[in-house]
Amino acid sequence: MRNKKRFVTAISLLAFATVFAGCSSNNDSDSSASSSGQPASEQTASPSASEPAASADPLAKPQELSVAIWDIQDGFDNPEAKNDTIYNDLTKKLNITVKPVQITWNDWQEKEKVWAASAQLPDIFANAIATDNRSLYSTWAKQGVLKALPDDLSAYPNIAQVMELPSAKPLTVDGKFYMVPRVGFLDGSSAGVMDRPILYRKDWAAQAGYTSDPNSYEEFVAMVKAVMAQHPDATGIAINNKDYLLTPMLGSFPELASMKDAWVNEDGTWIPAFASAKAPDAVKQIWELYHNGLLDKDFAIQKDADGFRKFLNGQAFISLGGNIRDPNNIEAFAKANPDAKVSDIGYMSIWPTADGNRYNFGLTPYWSETFFSNKLDDEKFDRALRLVDYMMSEEYSALISNGIEGVDYKLEDGKAVSLLGTEQTLVQKYPITSKFGYLASWHSQFEAEGKKVVNANPNVAAIDTAASEAFNRFKSENKASPINFEITLMSTPAKDKLAGALTPNNGGIVDELFNVVLSKSDPVEAWKKVVKSYDAKGLQDAITEVNAEAKEMGIQ
Amino acid sequence: MSNSVQTALQHKPDPRRSRSPLRNEISKHKYLYILVAPTILFYLLFTYVPMYGIVLAFKEFDYSKGIFGSPWIGFGNFSNVFANPDFLNAFRNTVLISFGRLLIEFPAPILLALLLNEVSKGKLTRVIQTVFTFPHFISWVVISGILVGIFSSQGLYNQLLFLFGLEGRSVLTDGPSFTAVLFLSNIWKEAGWSAILYLAAIAGINPELYEAAAVDGANRFQQMKAITWPVVKSTAAVLLILAVGNIMNGGFDQIFNLYNPAVYKYSDILDTLVYRSAFQDATGFGFSTTVGFLKSVINCALLLAANYFIKTVAKEEGL
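In the nomenclature of an unreviewed UniProt entry, chain B corresponds to Sugar ABC transporter permease from the organism Cohnella fermenti. The heading Subcellular location (unreviewed entry) in the UniProt record of chain B holds the text "Cell membrane". If you open the UniProt record of chain B and go to Sequence similarities (unreviewed entry), you find "Belongs to the binding-protein-dependent transport system permease family."

Looking at an unreviewed UniProt entry, chain A carries the name Extracellular solute-binding protein, with the source organism given as Cohnella fermenti.

In structure tokens, the structure reads:
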């Protein structure tokens, strides 16, 4: 009996110990956190406080920076990670070590919001709140979550250049910037040119008698109908994800293609584009595409990229959006369509609007931003800014796009020629850089200027050429959507509140469009009802506030 | 022994008698309590302690001050919640879907258990039970993919309609059809698993009762009605109370993975609203905590009401 009691006591104590052990790890890390509020991991990497704070060489002191960018951990976990020379050179150059903090495309917003609430944000992280959730951006800035950029950005010339963009200037909170836009182009007019690609099968169009871009919505409809008549099992128009459903609006009411954010001036009053008198007719065109059987019947129930996969598999004539530049997708297309060539994939130009112009997508030349945790001390912040600034430079764009000169490519007559085998890719060779390298920029400008290496893989090279040709054509022939950034990016309490109802990916204004398009009732009346329903979500208050502010700022 | 000493001894309080009944109980079964202590601790740490966050329903969350330091705003969050049309829609949907689940889904495992009990014992019963239980272990992410495949324009469902010369239907974008899919898919996924509890109750029935009933000439249906059902009924009563107490949880995993813009009007429930307001909208933690708080209060009230009803009106054992 006594032994039994001892045994039971021992088991119970063991169970207790297990529970406490499970709880103890957090306590340990908390207790070892520095008085400055930095996580323990940062403390061990940071030099002791007794060291001299400043040095003549701003890079003399090693720094560890925690960084959250999509799938960064995957790059670090790759068996080839330690051989990533571009990353290793970068860390040596800036005397840093990088602590990866994983976020994925499925959880980034949720994770970072929770980290912000629990003071666990990484030092540098990507998010999309400055434009998409202005209210949260202001809150994080005002409540000490984010670090403000210094007023003097002369030490960081690339950052300084981006912050001068008209699309960035309005994003101050109490006169300070709290983010750096993650642009693809330092030149604002190039941004948006390829943001809403209309990918199509040129070979199918040619078979149906169409060898040039449509000159009107009616011609576009006729083209899709003609192709579908020849390919009755195929979908006419597939969409890559929700926002791409708005692409055809570039041919009717270009500002409405940014319906979550864009504001337009109508009869002297600034109003959101979705509330414009021109919006219902633009909505009606998309409704017609669906009800005439041209738009993918499953567009509303598909997950992201399902529609694009139909295109890759030869089951759709057009894909609105989709990352055709990804070598894996190019190979998937080649494999699924043995009778077609990769060069049969074309970039269609949007048809002209009533004013005779063709318009490229236009909003901000970035959709996300780089942020810095307010826990960074000045020295560490300086290093973080130097890192971001360098990663925006042309030198780094060349490394990301072409690899190392003399190793991965050579210059012949001013052209970069690949030295890699057809099966070898920069992504395989530099796994960390392939994820981490896009922290500060998409590096699109480098490619747009024709500096990207000619890929050793002929299929990838063919798509690169088509994209480059389309970029140059659309940039020279089309106009940017007329967006007034001062108004569109203005922050007022009612406007921010309205944005909170418009922008969510689930339940926002784009979902209202989905509903109207799917509905059998008159789309014009249905859209008017949608607009009316936003009165209860602060539409009229937002219009009043924005116009009062615009008047004060002297904006016509 | 002198009288005074005797008196003193008589009046000396017995330490065991002076203990409260609870302390006596714990002292008597201390080893059992020690064994259960880790579980109690687990619930305290991970269920009760986090409840302090509920104060956010009465505060405006400040990232720099945390939950305790954030300023109190009285019932400000409640005003925002009630003024938000999305809340009213989500509330209505939650109630409708949950009552639908009670009416349509709740009886399914009971029927399944009763039917399984009628299958002659042996391998067949085990195979059938395994087949019905297996879907419980498939996540809604996977099931939603399967359902989208089945109900897409070129999916199995529409192919069957075409085969019979009928017009194709977009089931997942039509509100009422979508709701039917919610109920049916949940029955398919969970009925087998939920039936285990009823089967366990049925397993406790003395087989001699069935033999005696058979001798008395009772057929299978009469045996089920007179012997099996009274046993199943008590289990069903307890599970019904729990189901009613869970009524404001409309089934987040299932709906979140299955819904699409066309059916938000019919399927946006309080849980999806809380998720959206906490992580996507600008409405924030105060709003979502308030919705969650309201949900819990209603659930608790319904649980108590159902328990009272079962005990006093239906004269069954409650909680």
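### Some words on the overall build of chain B
Along the backbone of chain B there are 18 helices and 0 strands. What you see for chain B is a C-alpha radius of gyration of 27 Å, clearly larger than the 20 Å of a compact globule of 319 residues, by over 25%. Based on the C-alpha atoms only, the size of chain B along its principal axes is roughly 110 × 75 × 35 Å. When each of the 319 residues of chain B is scored for burial, the buried share is 40%. Taking as baseline every contact in chain B between residues at least 6 positions apart, the subset at least 24 positions apart corresponds to 63%. Here chain B has roughly 18100 Å² of accessible surface; of this, 67% comes from carbon and sulfur atoms. Treating the 24 positive side-chain charges of chain B as one cloud and the 19 negative ones as another, the clouds have centres 10 Å apart.

### Notes on the interface of chain B and chain A
Chain B puts 37 residues into the contact, and the matching count from chain A is 40 residues. Of the roughly 3300 Å² buried at the junction of chain B and chain A (both faces included), carbon and sulfur atoms supply 64%. Three residues, Tyr31, Tyr63 and Pro261 of chain B, lead the burial of chain B against chain A; their summed loss comes to 21% of the area buried on that side. In this structure, the connection of chain B to chain A is made through 1 salt bridge. Between Asp86 of chain B and Lys537 of chain A there is a salt bridge, with the nearest N and O atoms lying 3.7 Å from each other. In this assembly, chain B and chain A are joined by 7 residue pairs in polar contact (both at pLDDT 80 or more). Only helix H4 (30-48), helix H7 (85-105), helix H15 (252-258), helix H17 (270-279) and helix H18 (284-313) of chain B provide two or more residues apiece to the side of chain B that touches chain A. Examining the composition of the side of chain B that touches chain A, we find that 8 residues originate from one element, H4 of chain B, more than from any other. The class makeup of the residues in the side of chain B that touches chain A is 23 nonpolar, 10 polar and 4 charged.

### Things to note about the pairing of strand E16 (residues 415-418) of chain A
All names here are of chain A. Only one face of E16 is buried, namely the one carrying Ala416 and Ser418, since none of Lys415 and Val417 on the opposite face is buried. Across 4 bridges, the pairing between strand E15 (residues 409-412) and E16 is antiparallel. In the sheet register, Lys410 faces E16, and the bridge partner there is Val417. What sits between E15 and E16 in their antiparallel hairpin is a turn of 2 residues, with Asp413 showing a positive phi close to 55°.

### Description of the pattern of salt bridges
All names here are of chain A. Inspection of every chain in the model, using the stated rule, returns 32 salt bridges over all chains. In this structure, Asp382 engages Arg386 in a salt bridge whose closest nitrogen and oxygen atoms are separated by 2.9 Å. Placement of the pair is Asp382 and Arg386 together in helix H13 (residues 378-391), with a separation of 4 residues, close to one helical turn. Residue classification places Asp382 among the buried residues on the basis of a relative accessible area of 16%. Under the relative-accessibility criterion, Arg386 is labelled partly exposed at 23%.

### Some words on the confidence of the model for chain B
Interpretation of this model should avoid reading the predicted coordinates in detail wherever pLDDT is low. Overall, the predicted model of chain B reaches an average pLDDT of 87, with 91% of residues at or above 70. No element of chain B has a lower mean pLDDT than helix H1 (residues 3-11) of chain B, which averages 52, and none a higher one than helix H11 (residues 156-163) of chain B, which averages 94.

### Some details on the domain arrangement of chain A
Residues and elements named next belong to chain A. When cut into domains, chain A gives domain 1 (54-187 + 364-451) and domain 2 (198-361 + 482-525). Distance between the C-alpha centres of domain 1 and domain 2: 30 Å. On the domain 2 side, the residues contacting the 12 residues of domain 1 number 9 residues. Both sides of the domain 1 and domain 2 interface together cover about 860 Å² of buried area, and 58% of this is carbon and sulfur.

### Some remarks on the packing of aromatic side chains
Here a ring pair, both rings aromatic, is described through the centre-centre distance and the interplanar angle of the planes. For the coordinates displayed, the defined rule picks out 44 aromatic pairs over all chains. For the ring pair Trp70 of chain A and Trp105 of chain A, a centre distance of 4.2 Å and an interplane angle of 0° mean the geometry is stacked. In this pair, Trp70 of chain A sits in strand E1 (residues 63-70) while Trp105 of chain A sits in the loop between strand E2 (96-103) and helix H5 (108-117), placing the two residues 35 residues apart along the sequence. What makes Trp105 of chain A partly exposed here is its relative accessible area of 45%. Three or more aromatic residues joined by ring pairs form one cluster here, namely Trp70, Trp105, Trp108, Trp367, Tyr438 and Trp442 of chain A. Over the ring of Tyr244 of chain A we find Arg196 of chain A; its NZ or CZ atom is 4.9 Å from the centre of that ring. The lysine or arginine in question, Lys59 of chain B, covers the ring of Trp72 of chain B, its NZ or CZ lying 4.4 Å from the ring centre.

### Topic: the packing of helix H21 (residues 509-518) of chain A against helix H22 (residues 523-533) of chain A
Residue and element names in this part refer to chain A. Axis separation between H21 and H22 bottoms out at 10 Å; the angle between their running directions is 150°. As far as their axial angle goes, H22 and H21 are roughly antiparallel. Of the two possible hands of crossing, H21 and H22 adopt the one that is right-handed. Along its contact with H21, which presents Ile509, Glu512, Leu513 and Val516, the element H22 presents Pro523, Ala526, Trp527 and Val530. Taken together, the residues that form the contact of H21 with H22 break down as 7 nonpolar, no polar and 1 charged.

### Concerning the sheet that holds strand E8 (residues 235-239) of chain A
Adjacent strands of a sheet form backbone hydrogen bonds with each other and so pair up, either parallel or antiparallel. Residue and element names in this part refer to chain A. With mixed pairing, 4 strands are arranged side by side in an open sheet as E8-E11-E7-E12. Each having just a single partner strand, E8 and strand E12 (345-348) make up the two edges of the open sheet. Recorded for the sheet is a direction-independent mean angle of 25° between the axes of neighbouring strands.

### Structural notes on the sheet that holds strand E6 (residues 180-181) of chain A
Strand order in the open sheet made by the 5 strands is E2-E1-E3-E14-E6 (chain A), with mixed pairing throughout. The open sheet is flanked by E2 and E6 of chain A, the only strands paired with a single partner.

### A few points about the side chain of Arg383 of chain A
Residues and elements named next belong to chain A. In this fold, Arg383 is placed in helix H13. Of the side chains with opposite charge, Asp382 comes closest to the buried, unpaired Arg383, at an N-O distance of 4.9 Å. Setting aside anything within four residues of it in sequence, one finds Arg383 in contact with Pro58, Leu59, Ala60, Lys61, Pro62, Gln63, Leu65, Leu94, Asn95 and Ile96.

### A closer look at the domain arrangement of chain B
All names here are of chain B. Domain boundaries in chain B define domain 1 (1-74) and domain 2 (84-313). The distance between the C-alpha centroids of domain 1 and domain 2 comes to 37 Å. Listed by partner, the interface residues are 8 residues for domain 1 and 5 residues for domain 2. Of the roughly 530 Å² buried between domain 1 and domain 2 on both sides combined, carbon and sulfur atoms contribute 80%. Seen at the junction of domain 1 and domain 2, the total is 0 salt bridges. Among the residues forming the side of domain 1 that touches domain 2, the class breakdown is 6 nonpolar, 1 polar and 1 charged.

### Concerning the side chain of Glu112 of chain A
Residues and elements named next belong to chain A. Along the chain, the position of Glu112 falls in helix H5. Lacking a salt bridge, the buried Glu112 has Lys111 as its closest oppositely charged neighbour, with an N-O distance of 8.9 Å. At 2.7 Å, the side chain of Glu112 forms a polar contact with the side chain of Asn127. Once residues lying within four places of it in the same chain are set aside, the contact partners of Glu112 are Ala68, Ile103, Leu121, Phe125, Ala126, Asn127 and Trp140.

### Considering the pairing of strand E14 (residues 369-372) of chain A
Residues and elements named next belong to chain A. Alternating residues of E14 divide into Glu369 and Phe371 and Thr370 and Phe372, and every residue in both groups is buried. Of the pairings in the sheet, the one linking strand E3 (residues 124-127) to E14 comprises 4 bridges and is antiparallel in character. By the bridge assignment, Ala126 is partnered in E14 with Thr370. Direction of pairing for E6 relative to E14: antiparallel, over a ladder of 2 bridges. Each residue of the ladder has a partner; that of Pro181, found in E14, is Glu369.

Quick notes on the rules
- Each chain has its residues counted from 1, following the order in which its sequence is written.
- Working convention: letters from A go to chains and numbers from 1 go to ligands, in the order in which they are written.
- Side-chain atom pairs in this predicted model are given and counted only at pLDDT of 80 or more, local residue features only at pLDDT of at least 70, and totals for whole chains, interfaces and linings cover all residues.
- Where side-chain values are given, they derive from all heavy atoms of the structure, hydrogens and water being excluded.
- UniProt positions are given in the numbering used here, feature names are shortened, and annotations may be inferred rather than shown by experiment.
- Helix and strand assignments come from DSSP, with helices taken as H or I runs of at least 4 residues and strands as E runs of at least 2, each series counted from the N terminus.
- We take the radius of gyration over the C-alpha atoms and set the globule estimate at 2.2 Å times the residue count to the 0.38 power.
- Categorising residues by exposure relies on relative accessible area from a 1.4 Å probe, with only protein chains included: less than 20% of the type maximum marks a residue as buried, more than 50% marks it as exposed, and the intermediate range marks it as partly exposed.
- Whether two residues touch is decided by their heavy atoms; if any such pair falls within 4.5 Å, the residues are in contact.
- Using a 1.4 Å probe, accessible areas were evaluated by the Shrake-Rupley method; residue-level cover was limited to the displayed protein chains.
- We treat Lys and Arg as the positive residues and Asp and Glu as the negative residues; His and chain ends play no part in the count.
- By convention, the charge on Lys lies at NZ, on Arg at CZ, on Asp at CG and on Glu at CD.
- In this description, buried area is defined as the sum, over both parts, of the accessible area (probe of 1.4 Å) that is lost when the two are combined.
- We count a salt bridge whenever a side-chain nitrogen from Lys or Arg sits within 4 Å of a carboxyl oxygen from Asp or Glu.
- Pairs of N or O atoms within 3.5 Å make up the polar contacts considered here, provided that, within protein, one atom can donate a hydrogen while the other can accept it, and that residues adjacent in sequence are counted only when both atoms are side-chain atoms.
- Three classes are used, and their members are as follows: Ala, Val, Leu, Ile, Met, Phe, Trp, Tyr, Cys and Pro are nonpolar, Asp, Glu, Lys and Arg are charged, and the others, Gly among them, are polar.
- A pair of strands is considered paired only if DSSP assigns at least 2 bridges between the two.
- Each residue gets a pLDDT score, which is the predictor's confidence in that residue and runs from 0 to 100.
- Segmentation into domains, and thus their bounds, comes from an automatic or database assignment.
- Ring pairs shown here join Phe, Tyr and Trp side chains whose ring centres sit within 6.5 Å, with only the six-membered ring taken for Trp; geometry is labelled stacked below 30 degrees between planes, edge-to-face above 60, and tilted in between.
- Criterion for a charge above a ring: Lys NZ or Arg CZ within 6 Å of the ring centre, and within 35 degrees of the ring normal.
- To obtain each axis, a line is fitted to C-alpha atoms, and for helices this fit is confined to the stretch in contact; angles are then taken between N-to-C directions over 0 to 180 degrees.
- Here the word oblique covers every angle except those under 35 degrees (roughly parallel), over 145 (roughly antiparallel) and from 65 to 115 (roughly perpendicular).
- A crossing counts as left-handed when the near helix is turned anticlockwise from the far one by less than a right angle, and as right-handed when that turn is clockwise.

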